[in-house]
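Okay, here's what each chain looks like letter by letter:
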Amino acid sequence: MLVPLFLAALSTPAAFAADPLLDLGLRGYAGPAGGVKLEMGPDLAGRGGVALVAWPARQVGLGLRVDTGSYGIVDSDAGNTFAFAEAQVRLAEGWEAGLGVGTPVVFYDYFCAEAPCEEGLWARHYPIAALQAVRSFEHGLLHVPVALRGEVSAARWSVGLDVGLGLRAHRKERSG
């Protein structure tokens, strides 16, 4: 459903005033989570981190997001740092959609103290697909994105609210 919206947004001429140029902000994500292949009952995901999105085209943003937290706060699931590469498309004034792929990158409960590392460490670096619908609120440079975000991997799933607070630099408005 969102892939056609991405393609339509790419082919539509930009009609928005004060198009974004660069976003930088803090992000927080929380919501229900559970296991897919991993034996994990219903739990609560909770993460916080930073996000950077550059808008090379007026309607298309490419970004990097790094979060720290867990998919299992209640059952004390292992903490981790997650890195995501994401793309966003402006659908209308104040509305965006995003797709991303990420992976866990640092496991706090398991490190390789001696070489060679055990096979289990590398098996835990699985891809995570992310999909989000974003409502952006702006006042000058202040940017507050609020998103419904879903994530799924071979090990876990989660759906939740993603809230940010940061800065958004804008392109110069076109004279006309």
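What counts as what
Residues numbered from 1 in each chain as written. Predicted model: local features only at pLDDT ≥ 70, side-chain atom pairs only at ≥ 80, totals over all residues. Heavy atoms only, no water. Helix = DSSP H or I, 4+ residues; strand = E, 2+ residues; numbered from the N terminus. Buried < 20%, exposed > 50% of the residue type's maximum accessible area, 1.4 Å probe, protein only. Contact = heavy atoms within 4.5 Å. Areas by Shrake-Rupley, 256 points an atom, 1.4 Å probe, with all protein chains shown as cover. 1 Å grid on protein atoms, 1.4 Å probe; cavity = no way out; pocket = protein on both sides within 12 Å on 5 of 7 lines; lining within 4 Å. Points joined across faces, edges and corners; volume = space filled by probe spheres on them. pLDDT = per-residue confidence, 0-100. Pairing = 2+ DSSP bridges. Salt bridge = Lys/Arg side-chain N within 4 Å of Asp/Glu carboxyl O. Patch = residues over 30% accessible without salt bridge, like charges linked within 9 Å, V, L, I, M, F, W, Y side chains within 5 Å. Polar contact = N/O pair within 3.5 Å; in protein donor to acceptor, adjacent residues only side chain to side chain.

As for the overall build of the protein
Summing up its helical and strand segments, the protein has 2 helices and 8 strands in all. Along the chain direction, N to C, the helices and strands of the protein fall in the order α-β-β-β-β-β-α-β-β-β. Counting across all 176 residues of the protein, residues that qualify as buried make up 39%. Contacts spanning at least 24 positions in sequence make up 59% of the contacts within the protein whose residues lie at least 6 apart. In the structure as shown, the protein presents an accessible area of about 9600 Å², 69% of it carried by carbon and sulfur atoms.

What to know about empty space enclosed by the protein
With the rule as written, the count across this model stands at 2 cavities of 30 Å³ or more. The calculated volume of the largest cavity comes to roughly 110 Å³. What lines the largest cavity is a set of 17 residues, among which Asp23, Arg27, Ala51, His143 and Pro145 lie closest to the centre. Counting only elements with at least two residues in the lining of the largest cavity, the list comes to strand E1 (20-35), strand E2 (43-57), strand E6 (128-139), strand E7 (142-153) and strand E8 (156-170). The biggest single contributor to the lining of the largest cavity is E1, with 5 residues. There is about 60 Å³ of room inside the second largest cavity. Taken together, Arg27, Ala51, Val53, Gly63, Leu64, Arg65, Glu86, Gln88 and Gln132 form the lining of the second largest cavity. Listed by contribution, the elements that provide at least two residues to the lining of the second largest cavity are E2, strand E3 (60-70) and strand E4 (80-92).

Overview of the confidence of the model for the protein
Summing up the model confidence of the protein, the mean pLDDT is 82 and the portion of residues at 70 or higher is 77%. Here residues 1-16 is modelled with pLDDT under 50, and outside its nearest four sequence neighbours on either side it reaches 25 contacts, counting other chains as well. Counting contacts from residues 118-122, a segment whose pLDDT is below 50, to residues more than four positions away or on other chains yields 6 contacts.

Focus on the pairing of E1
Strand residues, when the strand is regular, have side chains that alternate between the two faces of the sheet. With 13 bridges joining them, E1 and E8 adopt antiparallel strand pairing. When the bridges of E8 are listed, Leu22 appears paired with Ala169. Pairing between E1 and E2: 12 bridges, direction antiparallel. Paired with Gly25 across the strands is Ala51, a residue of E2.

Quick notes on the pattern of salt bridges
For the coordinates displayed, the defined rule picks out 13 salt bridges. For Asp162, the salt bridge is made with Arg65, and the minimal N-O distance between the two is 2.5 Å. In this pair, Asp162 is assigned in strand E8 and Arg65 in strand E3, connecting sequence segments 97 residues apart. The same class applies to Asp162 as to Arg65, namely buried. Counted as one network, the salt bridges with shared partners bring together Arg27, Arg47, Arg65, Asp67, Glu86, Arg149, Glu151 and Asp162.

Topic: a nonpolar patch on the surface
Together, Val36, Leu148, Val152, Trp157 and Val159 line one region of the surface with nonpolar side chains, adding up to about 430 Å² of accessible area. Taken together, the elements giving at least two residues each to the nonpolar patch come down to E7 and E8. Of note, Trp157 is situated in strand E8. You can call Trp157 partly exposed: its relative accessible area is 32%.

Describing the side chain of Glu96
Assignment of secondary structure puts Glu96 in strand E5 (residues 95-107). Taking relative accessible area as the criterion, Glu96 reaches 4% and is therefore assigned buried. For Glu96, the side chain forms a polar contact with the side chain of Ser136, separated by 3.3 Å.

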